[in-house]
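# Structural characterization, general
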Amino acid sequence: MAGYVHCSSNNFIRIGTKQQRNKDIKLIDATNAEHDFIAHAYQDISKLLNEIRRLKTDISKNKLPQT
């Protein structure tokens, strides 16, 4: 799990949990939006891939939503 942390003039992404920490990622000259995007990418990509799989299944079963 990643989280965005802002401390004084340093912005970094904390990797891992409190009990199991990995190296932090420090981005120089990155915006807050860029930090948020990177910090949430792992969870967001997993959700996106699951949605793609679900849609492929619906397409193969011809169960597309009506528009």
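Residues numbered from 1 in each chain as written. Predicted model: local features only at pLDDT ≥ 70, side-chain atom pairs only at ≥ 80, totals over all residues. Heavy atoms only, no water.

What follows deals with the overall build of the protein chain. When its secondary structure is counted, the protein chain shows one helix and three strands. Of all 67 residues assigned to the protein chain, the portion counted as buried reaches 13%. Of the contacts made within the protein chain by residues no fewer than 6 positions apart, 23% connect residues no fewer than 24 positions apart. Surface exposure of the protein chain reaches about 5900 Å², of which carbon and sulfur atoms provide 57%. (Helix = DSSP H or I, 4+ residues; strand = E, 2+ residues; numbered from the N terminus. Buried < 20%, exposed > 50% of the residue type's maximum accessible area, 1.4 Å probe, protein only. Contact = heavy atoms within 4.5 Å. Areas by Shrake-Rupley, 256 points an atom, 1.4 Å probe, with all protein chains shown as cover.)

On to the confidence of the model for the protein chain, then. Per-chain confidence: the protein chain averages 75 in pLDDT, with 66% of residues scoring 70 or above. Confidence, read as mean pLDDT per element, is least for strand β1 (residues 2-7) in the protein chain (48) and greatest for helix α1 (residues 32-60) (87). Ignoring residues within four places in sequence, the model shows residues 4-8, a span with pLDDT below 50, making twelve contacts including any to other chains. (pLDDT = per-residue confidence, 0-100.)

This brings us to a nonpolar patch on the surface. Taken together, the side chains of I45, L48, L49 and I52 make up a nonpolar region of the molecular surface, amounting to roughly 340 Å² of accessible area. Among the secondary structure elements, L49 is positioned in helix α1. (Patch = residues over 30% accessible without salt bridge, like charges linked within 9 Å, V, L, I, M, F, W, Y side chains within 5 Å. Salt bridge = Lys/Arg side-chain N within 4 Å of Asp/Glu carboxyl O.)

Positionally, R14 belongs in strand β2 (residues 10-15). Judged by its relative accessible area of 33%, R14 falls in the partly exposed class.

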